[in-house]
Amino acid sequence: MLMASPAEVEKQAAARVAEALISAVPDFREFYEDNIENYDEFLFVLFFWDVTQATVRSYLGDQEEPDWRSTLGFMEAAVQSADEAERNVVAYRFLYNLPNPGTPGHELVGELGPELTKRYARLLQGN
């Protein structure tokens, strides 16, 4: 039996996380549909970049974006219950794209739940 490549495993996990996110925060459906329309396929790296940026904009007060609290709540639940590949998607495709210290919106890091905070700290340490 052929084993899936690491890239394929990540792509499948990203699709599962995206589908669950859209179910939990339906306002992200447009992001997903635009991603597929613009690129003729689901480019999860760009989708999660857009999700992260929208979350930061919401945190900074943009009422047009999906509520940041709902997004962080979903991401916290995902890293608590998802499989390792899905937890890695949240870490490397969402947390990794949060603003750096000194950048507008970095304070959002202080709003992360306990599991997201642990994962974020590991990212900062290079793990």
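Scroll up to find the structure this text is about.
Note that residues are indexed from 1 along each chain, following the sequence as it is written. Local features are withheld for residues below a pLDDT of 70 in this predicted model, meaning they are given only at 70 or higher, and side-chain atom pairs are given and counted only at 80 or more; totals for whole chains, interfaces and linings count all residues. Only hydrogens and water are set aside when side-chain values are computed; all heavy atoms of the structure are taken into account.

Now for the environment of E76. Inspection of the secondary structure puts E76 in helix α4 (residues 68-81). The spatial distance from the C-alpha of E76 to the C-alpha of P114 is 7.8 Å, given a sequence separation of 38 residues. Pairs of residues are marked as contacts when any of their non-hydrogen atoms sit within 4.5 Å. Discounting chain neighbours no more than four positions away, the residues touching E76 are G113, P114, E115 and L116. A polar side-chain atom of E76 sits 2.7 Å from a polar atom in the side chain of Q80. Secondary structure elements follow DSSP: runs of H or I of four or more residues count as helices, runs of E of two or more count as strands, with numbering from the N terminus. Polar contact criterion, stated in full: a pair of N or O atoms within 3.5 Å, where within protein one must be able to donate a hydrogen and the other to accept it, and residues adjacent in sequence count only if both atoms are side-chain atoms.

Each residue is assigned to one of three classes by its accessible area relative to the maximum for its type, calculated with a 1.4 Å probe on protein chains only: buried under 20%, partly exposed between the two thresholds, exposed over 50%. The set of residues buried in helix α2 (residues 29-39) consists of F31, Y32 and N35. On an axial view of α2, the arc spanned by its buried residues comes to 100°, and they lie on one face. With respect to the buried face of α2, the exposed residues turned more than 90 degrees away are E30 and E37. Of the surrounding elements, those touching the buried residues of α2 are α1 (6-24) and α3 (44-59). Count one or two residues on from α2 and you reach D40, which has phi positive near 60°. Here the arc refers to the directions that run from the helix axis out to each C-beta atom.

On to the pattern of salt bridges, then. Here a salt bridge means any side-chain nitrogen of Lys or Arg lying within 4 Å of a carboxyl oxygen belonging to Asp or Glu. This structure, assessed with the given rule, holds 9 salt bridges. Measuring nitrogen to oxygen at the nearest pair gives 4.0 Å for the salt bridge that ties K11 to E41. One end of the pair, K11, is in helix α1; the other, E41, is in the loop between α2 and α3, and 30 residues separate them in sequence. Under the relative-accessibility criterion, K11 is labelled partly exposed at 35%. Overall, the relative accessible area of 38% leaves E41 in the partly exposed class.

Just geometry here; none of it tells us what the structure is for.
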